[in-house]
Amino acid sequence: MVSCDAYENGVSESFNLVIEAARKKPLIIMLEEIQIYVVYIQGQGQSWDLNIRPSIRLKLNKLNEQQRFWQVVTSGYMQFEVRVGNDGYDVDLHTRQCGCRAWHLAGYPCVHGYATISSLNRDPEDYVSEWFTTSMYASCFM
Ligand SMILES: [Zn+2]
């Protein structure tokens, strides 16, 4: 049987870092400051008019500028070859993966995936990992 005394995740460490100053104050003031922080975070998430985090939206906007140089050719059902000059990658929209592996690693389409999605007149935001959605962000702080 495997056991571990320490359980760590990024959420608790981030929260503890933010409330570090409040933790040194008297109990009531500490709780009020934590409440203000939580309300602020909830409001921040709700104010997004996006389904995905703004930082990911910015990255997709940059990809939108870069994707126009790539030529997309269908090679099978939901499979495409994306080329520019002698450089080419296989993109599978069904599995959301590209031969460059950047899409799989980052959780949002690479420039080749973006070019493929755009060529089909689909929304690239629909192909972003659920980890970058506003609802997932809000669930970390509620
Ligand atoms: Zn790629």
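A brief structural summary. (Residues numbered from 1 in each chain as written. Predicted model: local features only at pLDDT ≥ 70, side-chain atom pairs only at ≥ 80, totals over all residues. Heavy atoms only, no water.)

### So, the sheet that holds strand β1 (residues 71-76)
Within a sheet, adjacent strands bond to each other through the backbone by hydrogen bonds, running parallel or antiparallel.
No. 1: Here four strands make up an open sheet; going across it, the order is β1-β2-β3-β4 and the pairing antiparallel. The sheet is open, and its two borders are formed by β1 and β4 (97-98), each paired with just one other strand.
No. 2: Relative to strand β3 (residues 87-92), strand β2 (residues 79-84) runs antiparallel, the two sharing six bridges. Bridging across to β3, Gln 79 finds its partner in Asp 92. (Pairing = 2+ DSSP bridges. Helix = DSSP H or I, 4+ residues; strand = E, 2+ residues; numbered from the N terminus.)

### Some words on the nonpolar core
No. 1: In terms of nonpolar packing, the biggest core is built from 21 residues, with Ile 56, Leu 60, Leu 93, Trp 103, Tyr 108 and Val 128 touching the most fellow members.
No. 2: A total of four residues in this core trace back to one element, the largest contributor, which is helix α5 (residues 111-119).
No. 3: Those residues in contact with Trp 103 that lie beyond four places of it in its chain are Val 91, Leu 93, Arg 96, Gln 97, Cys 98, Tyr 108, Pro 109, Cys 110, Gly 113, Ile 117 and Tyr 127. (Core = buried A, V, L, I, M, F, W, Y, C linked by side-chain atoms within 4.5 Å. Buried < 20%, exposed > 50% of the residue type's maximum accessible area, 1.4 Å probe, protein only. Contact = heavy atoms within 4.5 Å.)

### Some remarks on unusual backbone geometry
In terms of backbone geometry, most residues other than glycine have negative phi values and most peptide bonds are trans.
No. 1: Positive phi is not limited to glycine here, since Met 78 has a value of about 60°.
No. 2: Note on placement: Met 78 falls in the loop between β1 and β2.
No. 3: Since its relative accessible area comes to 17%, Met 78 is described here as buried.
No. 4: Positive phi, close to 55°, is recorded for Asn 121, a residue that is not glycine.
No. 5: Position of Asn 121 among the secondary structure elements: in the loop between α5 and α6 (134-140).

### Quick notes on the coordination of the zinc ion
No. 1: Bound to the zinc ion are the protein donor atoms Cys 98 (SG), Cys 100 (SG), Cys 110 (SG) and His 112 (ND1), situated 2.1 to 2.3 Å from the metal.
No. 2: What the four donor atoms of the zinc ion show is an angle range of 106 to 113° at the metal, which sorts the shape as tetrahedral.
No. 3: Expressed as a motif, the donor residue spacing for the zinc ion is C-x1-C-x9-C-x1-H. Of the two residues, Cys 98 sits in strand β4 while Cys 110 sits in the loop between α4 (102-106) and α5, which places them 12 residues apart along the sequence. Across this residue pair, the class does not change: Cys 98 and Cys 110 are buried. (Donors = N, O, S within 2.8 Å, 3.2 Å for Na, K, Ca; no water. Tetrahedral: all angles 85-135°; square planar, octahedral: opposite > 155°, others 65-115°.)

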